[in-house]
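Report on the structure
Here are the chains, one letter per residue:
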Amino acid sequence: PIPYISGNFRFFHFFLIDEVSFNIGVWQRIKKYLADDRGFFDVIHIQGRSGFLYPLFKKSGFPPSVVTFHGTMKNENEAALRDRTMPLKRRLELKLIQSYATKIEKMLIAKSDRLIAVSNQMATTLAQQFGLKDRKIDIVYNGLDTEEFYPSSEKQIPFRIVSVARLDPRKGLIYLIEATRQLMDEFPELTVHIVGEGSQRRVLERKIN
């Protein structure tokens, strides 16, 4: 666990405090690992902004850094900010987060040795948002161990759909609900289970009702 200082105040969540204090802790931990056993590490792999201080401050002789992007803050926020029911305070928080997070992402891209995107669309997004015309972006899809995770014929429940996506406009759950309404006439035994929390919970509940 990496300790950090919470920026969640009574009236406003200043997320920059969370992010910077967490990443200072990560940077200190990485430096300790490298000092203890520097020759063991070939590469430092960073997930988005988690660990962004390493490419910025790594010294000569430190392992190269590879950064995987699952998304960008601008993309994360676009759909959410289109929700006109969002409270003004939350809207201001998201715009503030996006302003500094995008700057961090830009520095991270400039200082990292290699970039990974989890999809072709993510690679296109990075190239367009940050003008990476001459920068190579490798695509590595998210994977799973099919020896451990596979459909079980014994546990299948016919006509049941389960979603574990966070309740966010980007996940398209509003379309799942609309599709369910259309399918109920043909498949009355259909059940849909939406698991999780998120900013769109009330909107989805109203849609279901």
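Refer to the structure printed above.
With that settled, the discussion passes to the pairing of strand β3 (residues 114–117). Both strand β2 (residues 65–69) and β3 contribute to a ladder of four bridges, which runs parallel. By the bridge assignment for β3, Val-67 is matched with Leu-115. In this sheet, strand β4 (residues 137–139) lies alongside β3 in parallel orientation, the contact comprising three bridges. Bridging across to β4, Ala-117 finds its partner in Ile-139. After leaving β3, the chain enters helix α5 (residues 120–130) and then returns to the sheet as β4, a path that is right-handed.

It is worth spelling out unusual backbone geometry at this point. For Phe-159, which is not glycine, the phi torsion reads 60° and is therefore positive. With respect to the helices and strands, Phe-159 occurs in the loop between β4 and β5 (160–163).

Structurally, Thr-68 can be placed in strand β2. Under the relative-accessibility criterion, Thr-68 is labelled buried at 5%. In this structure, Thr-68 is in contact with His-45, Ile-46, Gln-47, Gly-48, Ile-116 and Val-118, ignoring residues within four places of it in sequence.

Across the sheet, which stays open at both edges, the four strands sit in the order β1-β2-β3-β4 with parallel pairing between neighbours. The outermost strands of the open sheet, each flanked by one partner alone, are β1 (44–47) and β4. With direction set aside, neighbouring strand axes in the sheet form an average angle of 30°. Against the sheet, helix α4 (residues 88–111) engages β2 and β3, with an angle of about 140° to β2.

Cut-offs used in this document
- Residues numbered from 1 in each chain as written.
- Predicted model: local features only at pLDDT ≥ 70, side-chain atom pairs only at ≥ 80, totals over all residues.
- Heavy atoms only, no water.
- Pairing = 2+ DSSP bridges.
- Helix = DSSP H or I, 4+ residues; strand = E, 2+ residues; numbered from the N terminus.
- Right-handed = clockwise from strand over helix to strand, strands pointing away.
- Buried < 20%, exposed > 50% of the residue type's maximum accessible area, 1.4 Å probe, protein only.
- Contact = heavy atoms within 4.5 Å.
- Axes fitted to C-alpha atoms, helices over the stretch in contact; angles between N-to-C directions.

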